[in-house]
Amino acid sequence: MFEILLNHYPVLLKGLTTTLVVSLSAIALGLVLGVLLAFGLTSRYHLVRWPCGLYRSFWRGTPILLQLLLVYYLLPEIGIEIAPISAAILTLTLNTTAFQAEIFRSGISHIPAGQIEAARMAGISAWQTRRRIIMPQVFRLTLPPLTNEIITILKNSSLISVIAVTELMRVSEQIASRTFQPLETYLAAAVLYLAVNLVLARISAYLERRMAGGLATE
Amino acid sequence: MPTADTLAPPAPTQQRAIVEAHGISKQFGDLEVLTNIDFSLAPSEVVCVIGPSGSGKSTLLRCLAFLEPYDHGSVYIDGQLLGYEDRSGQRVRTSEKRVDEVRAPVGMVFQHFHLWPHRTALENVTEALRLVNGLSRRQADTEGIAMLEQVGLADRAGHFPESLSGGQKQRVAIARALAMKPRVMFFDEPTSALDPELVGEVLDVMKKLAADGMTMVIVTHEMGFAAKVADRVIFMDQGRVVESGPPATLFRQPKSERLQQFLNTWRERHID
Ligand SMILES: Nc1ncnc2c1ncn2[C@@H]1O[C@H](COP(=O)(O)OP(=O)(O)OP(=O)(O)O)[C@@H](O)[C@H]1O
Ligand SMILES: [Mg+2]
């Protein structure tokens, strides 16, 4: 395993970089879109809530592998040429948007209605109330499930190898077939995934401690 | 049985009413919670609303602030219709922005304070000053400290709500509402969630406000406070205004059986 890591680290690192770029882009884009979708899901207008709920159902209710293939084959059909890596980021973004929105929706529902009424009575607009009163609390509340979602996306990004993106998983497959050492190769890949996710979990734990402290003292 | 419809509206004063409601009613599903309520509040008037649990006191206050849209009738704040507008003969809801504009003169204090837990006492007070009035941080802080001073809490400016007592939280909530320079303050049972020994400090702040001429509507179970501070007391039952008048008259010579009953129950509970 160490031999594989040592001998093939340039390719492995390149694969890992692609994995990180795809995953982190999707997570960041999904965060912004997820917040907006969560607002849609908690809208007081049925006509806004309903399509948002439909979107969430689709992306949470179908396998991500299927979603990847659908996006990859559908886009050229409707005349959009797109590189595999872009298709991968797009799919993972659309997918994680649904999951993050659901996390935020649940967080928003835990903010007492009275706090929002107090803001509105002070003349703070609905948008400013979301931005300054609701969401800062929601991010604190939802950090643990959000971390789960980030880790899930990182792991699910291994599926994008099916549309020929050379990320960590695909690179490992290539090395395995070239060296005839599949077990060692996949163990090496596992170590890399694990390392990234452990770092993420540590960052999240740190943020959680800091923000909890923020609530109590400063 | 006297109802809101048969009560004469208050005699017109020189100054226009700050809050005025005509025939408002409100239903939750099949439950009629408010029935044809008329209400008028003159500048500097202090009105206490009393009545049994479930009689619609909170709903009335919330409708007057449009936190709950009323179904029929109309509410005017400073002469402006709140929440609805006429569009070619049809009554339609106004935008949230318009609601904000019309109810800007109204400040509100809730039973459960509803401070924002991620903001310090001072930030709770300055948030709207900065977001709505556009004050700089320094201006807002100066203003906010002055407000906290008014409720005796300047020394708690940097504390987060969770480290304040209930009475302190409610006083911060009052300061938060006062910061926006309201012309009228609505209180919904401001002391009902407090330990008995903390009620006094909040009532003292409210007494001071009344003495300074603040116009107030107070839903309360504190009859002693109502007797002392109110210019007018309104007794509600089952979504209607049953009786209203100066506290001396209302408490000493209740006309309706329901108010007599209500006062007797209250005395029984508070004398021993
Ligand atoms: N959002 C709501 N949905 C459905 N029913 C409601 C709602 N709010 C209030 N009610 C009902 O309306 C009636 C009046 O409630 P309201 O809170 O106005 O009474 P109240 O006089 O303030 O009582 P309390 O002294 O207990 O605070 C009650 O029967 C209550 O259950
Ligand atoms: Mg109530």
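Each value, and the rule that gives it
- Here the residue numbers are simple positions, counted from 1 along each chain's written sequence.
- Whichever chain is written first becomes A and whichever ligand is written first becomes 1, with later ones labelled in order.
- The predicted nature of this model means local features are confined to residues of pLDDT at least 70 and side-chain atom pairs, given and counted, to a pLDDT of 80 or more, with totals for whole chains, interfaces and linings taken over all residues.
- To get the side-chain values, all heavy atoms of the structure are used, and hydrogens and water are removed first.
- Helix and strand labels come from DSSP, where a helix needs a run of H or I of at least four residues and a strand needs a run of E of at least two; each type is numbered from the N terminus.
- Note on definitions: a residue-residue contact is assigned when non-hydrogen atoms from the two residues lie within 4.5 Å.
- Only the protein chains shown count as cover for residues, and all accessible areas are computed by the Shrake-Rupley method using a 1.4 Å probe.
- For this count, His and the chain ends are skipped, Lys and Arg are scored as positive, and Asp and Glu as negative.
- In plain terms, the charge of a residue is placed at NZ if it is Lys, CZ if Arg, CG if Asp and CD if Glu.
- When DSSP locates at least two bridges between a pair of strands, those strands are taken to pair.
- An axis is simply a line fitted to the C-alpha atoms; with a helix, the fit covers only the stretch in contact. Between two such axes, the angle follows the N-to-C directions and lies from 0 to 180 degrees.
- Here a residue counts as near a molecule or strand whenever at least one of its heavy atoms sits within 4 Å of it.
- Here a polar contact is recorded for every N or O atom pair within 3.5 Å, except that within protein the pair must consist of a potential hydrogen donor and a potential acceptor, and residues adjacent in sequence are included only if both atoms are side-chain atoms.
- In plain words, nonpolar cores are sets of buried Ala, Val, Leu, Ile, Met, Phe, Trp, Tyr and Cys residues tied together by side-chain atoms within 4.5 Å.
- Here's how the labels work: a residue is buried when its accessible area is under 20% of the maximum for its type, exposed when over 50%, partly exposed in between, all with a 1.4 Å probe on protein chains only.
- UniProt positions are given in the numbering used here, feature names are shortened, and annotations may be inferred rather than shown by experiment.

Colleague: Explain the overall build of chain A to me, please; I cannot follow it from the model alone.
Modeller: Within chain A, the regular secondary structure consists of 8 helices and 0 strands. Along chain A, from the amino end to the carboxyl end, the secondary structure elements read α-α-α-α-α-α-α-α. Dimensions of chain A along its principal axes, counting C-alpha atoms only, are 70 × 50 × 25 Å. For chain A, long-range pairs separated by at least 24 residues make up 77% of all intrachain contacts whose partners lie at least 6 apart in sequence. As displayed, chain A offers around 11300 Å² of accessible surface, 68% of which is attributable to carbon and sulfur atoms. Placing the 17 positive and 11 negative side-chain charges of chain A at their respective mean positions leaves the two points 12 Å apart.

Colleague: How should the sheet that holds strand β2 (residues 31-41) of chain B be read in this particular structure?
Modeller: Each strand in a sheet pairs with another by means of backbone hydrogen bonds, the pair being arranged parallel or else antiparallel. Residue and element names in this part refer to chain B. As summarised here, the arrangement of the 4 strands in space is β2-β1-β4-β5, forming an open sheet in which the pairing is antiparallel. Taken across any chain shown, the strands that pair with only one partner, and hence form the sheet edges, are β2 and β5 (80-81). By the bridge criterion, 5 bridges tie strand β1 (residues 19-28) to strand β4 (residues 72-77) in an arrangement that is antiparallel. Looking across to β4, one finds that Val19 is bridged to Ile77. Contacts from helix α1 (residues 57-64) reach β1, β2 and β4, with the element oriented near 120° to β1.

Colleague: I'm lost on the site of ligand 1 in this one. Help?
Modeller: Residues and elements named next belong to chain B. Around ligand 1, the surrounding shell holds 13 residues, and the nearest of these are Ser53, Gly54, Lys57, Ser58 and Thr59. Taking Ser58, its side chain carries an N or O atom lying 2.7 Å from an oxygen atom of ligand 1. The side chain of Glu189 places a nitrogen or oxygen atom 3.2 Å from an oxygen atom of ligand 1. For ligand 1, whose unbound accessible area comes to 630 Å², protein coverage reaches 60%. Listed by contribution, the elements that provide at least two residues to the shell around ligand 1 are β2 and α1. At 3 residues, α1 tops the list of elements feeding residues into the shell around ligand 1.

Colleague: How should I be thinking about the nonpolar core in this particular structure?
Modeller: Within the largest apolar cluster, 95 residues are counted, with the highest numbers of intra-cluster contacts made by Ile174 and Phe186 of chain B. Ranked by residue count, the leading element in this core is helix α6 (residues 196-211) of chain B, at 8 residues. Not counting the four nearest positions on each side in its chain, Ile174 of chain B is found in contact with Val109, Val151, Met185, Phe187, Val202, Val205, Met206 and Leu209 of chain B. One finds Leu68, Val71, Ala88 and Ala98 of chain A within the second-largest nonpolar core, a separate group that totals 15 residues.

Colleague: Just to check I follow, could you spell out the UniProt feature "transmembrane region" (unreviewed entry) in chain A for this structure?
Modeller: Residues and elements named next belong to chain A. According to UniProt, the positions carrying the feature "transmembrane region" (unreviewed entry) are residues 20-41, 53-75 and 186-207. Across residues 20-41 one finds 100% helix and 0% strand; the C-alpha atoms that close the span lie 29 Å apart. What you have in residues 186-207 is 100% helix and 0% strand, and the ends, taken at the C-alpha atoms, are 32 Å apart.

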